[in-house]
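Working through the structure, step by step
Listed below, chain by chain, are the residues.
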Amino acid sequence: MNTPNLPKLQTVLTAATSLAASAIVFRSIAKELIPNTLQQNLHSIFQKFLIRFSSQITIIIEEFDGLTANQMFQAANLYLGSNLSRSTRRIKVNKPEKEKELQVTIDRDQQLVEVFEGVKFNWVLVSHNTENLVTLDKKHNHGAFLRSEVRYFELSFHEKHREMVLCSYLPYILCKAKTIREEKKTLKLHTIDYNGTDYWGSVNFDHPANFDTVAMDSEMKKELIEDLDLFIERKEFYREVGKAWKRGYLLYGPPGTGKSSLVAAMANYLKFDVYDLDLKELQCNSDLRRLLIGTGNRSILVVEDIDRSFESTEDNKVTLSGLLNFIDGLWSSCGDERIIVFTTNHKEQLDPALLRPGRMDIHLHMSYCTFIGFKTLASNYLKIQEHRLFPEIEQLLEKVQVTPAEIAGELMKNKDAQIALEGLIKFLQSKLELG
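About the thresholds
Residues numbered from 1 in each chain as written. Predicted model: local features only at pLDDT ≥ 70, side-chain atom pairs only at ≥ 80, totals over all residues. Heavy atoms only, no water. Helix = DSSP H or I, 4+ residues; strand = E, 2+ residues; numbered from the N terminus. Buried < 20%, exposed > 50% of the residue type's maximum accessible area, 1.4 Å probe, protein only. Areas by Shrake-Rupley, 256 points an atom, 1.4 Å probe, with all protein chains shown as cover. Phe/Tyr/Trp six-rings, centres within 6.5 Å; stacked < 30°, edge-to-face > 60°. Contact = heavy atoms within 4.5 Å. Core = buried A, V, L, I, M, F, W, Y, C linked by side-chain atoms within 4.5 Å. Arc of directions from axis to C-beta. Salt bridge = Lys/Arg side-chain N within 4 Å of Asp/Glu carboxyl O.

1. Quick look at the overall build of the protein chain
Within the protein chain, the regular secondary structure consists of 14 helices and 15 strands. Across the 435 residues of the protein chain, 40% fall into the buried class. Summing over all exposed atoms, the protein chain offers an accessible surface of approximately 25,300 Å²; the carbon and sulfur share of this is 52%.

Pasting the structure below:
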């Protein structure tokens, strides 16, 4: 029996698709003209209609799960903000106080079409306000309505791609967002602050040092970079062998040989925050425990002058055994991608218990400046690769012990390369005469 008065299925689906697109525009207008409760009811009607007549499926990604932030929402917000098309007419820009870069995200009710492995996905950021009655005066039964914003993403796609979305697309967004976050990350230097919630206070870490500018033996630099790369790549290996994902380095040598600059270069290379732990500021092992727990993943914990950190004999101070126990046990088990760097001017004075592998895996001797180190400094400060005075400086450096810091100090005295190098030669000659 023919039913000419009923629309064909294809017509219904076409109308449903058109309504889905129109809903975006309608929702934007409705926010200005229609009460919030009615908006939500109308939106619910649209969703029910689409579910009934369309082959599309919609995943809801809420901003919060109770009071806990939803990592999937945060990842999607970051990912979509980095993939805004030129057709996007409304974008949201934010500049956090301690961050360097602007944060660009999709604005509410803006549709964004994303194609992944040949499949088209429609994203919309939905938001609406809610009002909750909060009692201010129980005695007189007085209260007030507090308004809050509820946000969530609607991800729509053909139902046949459900498994691909859950198993491939959303995990891809999580991974991609992590990469974007690391690339844009503003490094932080954390120092002890007893007024903070976890004893740490932070400032932006703007140290310019990198491996190209650090004056150290080129072979040692190469081996260090390879060791850091291997460490970062071996998450599964550490898990398989049952070891904490951490690495320990000992930087030793006389003052001024670039130990602090090398730590900065490591942090900039890895994009790791730095935690500067001065053990002398702590009152007891309990302080140390709280500080270590408060450090984040992908970080470098720096303990400078470790040989002088246990000179006090007071009973309430941090002990070496306490430090070792926390590094080996508690601290190791509460985070990933942790690097700990100890520095000392006198390696021979260290307790042998500190030097074993697992605590200090790599020992790097930061020596006096070599000619190769000098050429790095000359490139940094004078912007030169060669000069007629280099051979004379090379001969002097073979006879004189001088730190990279002393060389840098001389090169900074004049921006003219000739004058600066002549001043350096006089400085080296005077040190040679003093013996």
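2. Structural notes on the packing of aromatic side chains
To describe a pair of aromatic rings, one takes the distance between the centres and the angle between the planes. Scanning the entire structure with this criterion turns up 16 aromatic pairs. With 5.8 Å between their ring centres and 65° between their planes, Phe121 and Phe157 make a pair best called edge-to-face. Here Phe157 lies in strand 8 (residues 142-158) and Phe121 lies in strand 7 (residues 119-137), a separation of 36 residues in the sequence. The two residues Phe121 and Phe157 agree in class, both being buried. Measuring from ring centre to ring centre gives 6.0 Å for Phe237 and Tyr238, while their planes differ by 85°; the resulting arrangement is edge-to-face. Within the aromatic cluster, the residues linked to one another by ring pairs are Phe73, Tyr79, Phe116, Phe121, Trp123, Phe153, Phe157, Tyr169 and Tyr172.

3. Things to note about the environment of Lys259
Tracing the sequence through the fold places Lys259 in helix 7 (residues 259-270). Since its relative accessible area comes to 10%, Lys259 is described here as buried. Once you skip the residues sitting within four places of it in the chain, Lys259 turns out to touch Leu251, Tyr252, Gly253, Pro254, Thr343, Thr344, Asn345 and Met366.

4. Examining the nonpolar core
Ranked by size, the top nonpolar core spans 29 residues in total, and within it Leu224, Leu228, Leu262, Met266, Ile300, Ile339 and Val341 carry the most contacts. Residue assignment for this core shows that the elements contributing at least two residues are helix 5 (218-233), strand 11 (246-252), helix 7, strand 13 (299-303) and strand 14 (338-344). Ranked by residues supplied to this core, first place goes to helix 7 with 7 residues. In contact with Leu262, other than residues within four places in its own chain, are Phe211, Val214, Met216, Leu224, Leu251, Leu364 and Met366. In this structure, Ile192, Leu320, Phe326 and Ile340 belong to the second largest nonpolar core, which totals 26 residues.

5. A few points about unusual backbone geometry
Even without glycine at this site, Glu117 takes up a positive phi of about 50°. Of note, the phi angle at Arg298 is positive, near 50°, even though the residue is not glycine. In this structure, Arg298 sits in the loop between helix 8 (285-293) and strand 13. Given a relative accessible area of 16%, Arg298 falls into the buried group.

6. Some remarks on helix 8
Among the residues of helix 8, Asp287, Leu288, Leu291 and Leu292 are the ones counted as buried. Buried positions in helix 8, seen along its axis, are confined to an arc of 125° and lie on one side of it. Residues of helix 8 that are buried sit in contact with strand 9 (188-192), strand 10 (200-204), strand 13, helix 9 (320-328) and strand 14.

7. Some remarks on the pattern of salt bridges
Taken as a whole and judged by the stated rule, the model has 10 salt bridges. For Glu410, the salt bridge identified is with Lys413, shortest N-O distance 3.1 Å. The exposure class of Glu410 is buried, given its relative accessible area of 12%. Residue Lys413 is classed as exposed on the basis of its relative accessible area, which comes to 61%. Through salt bridges that share partners, Glu182, Arg298 and Glu337 make up one connected network.

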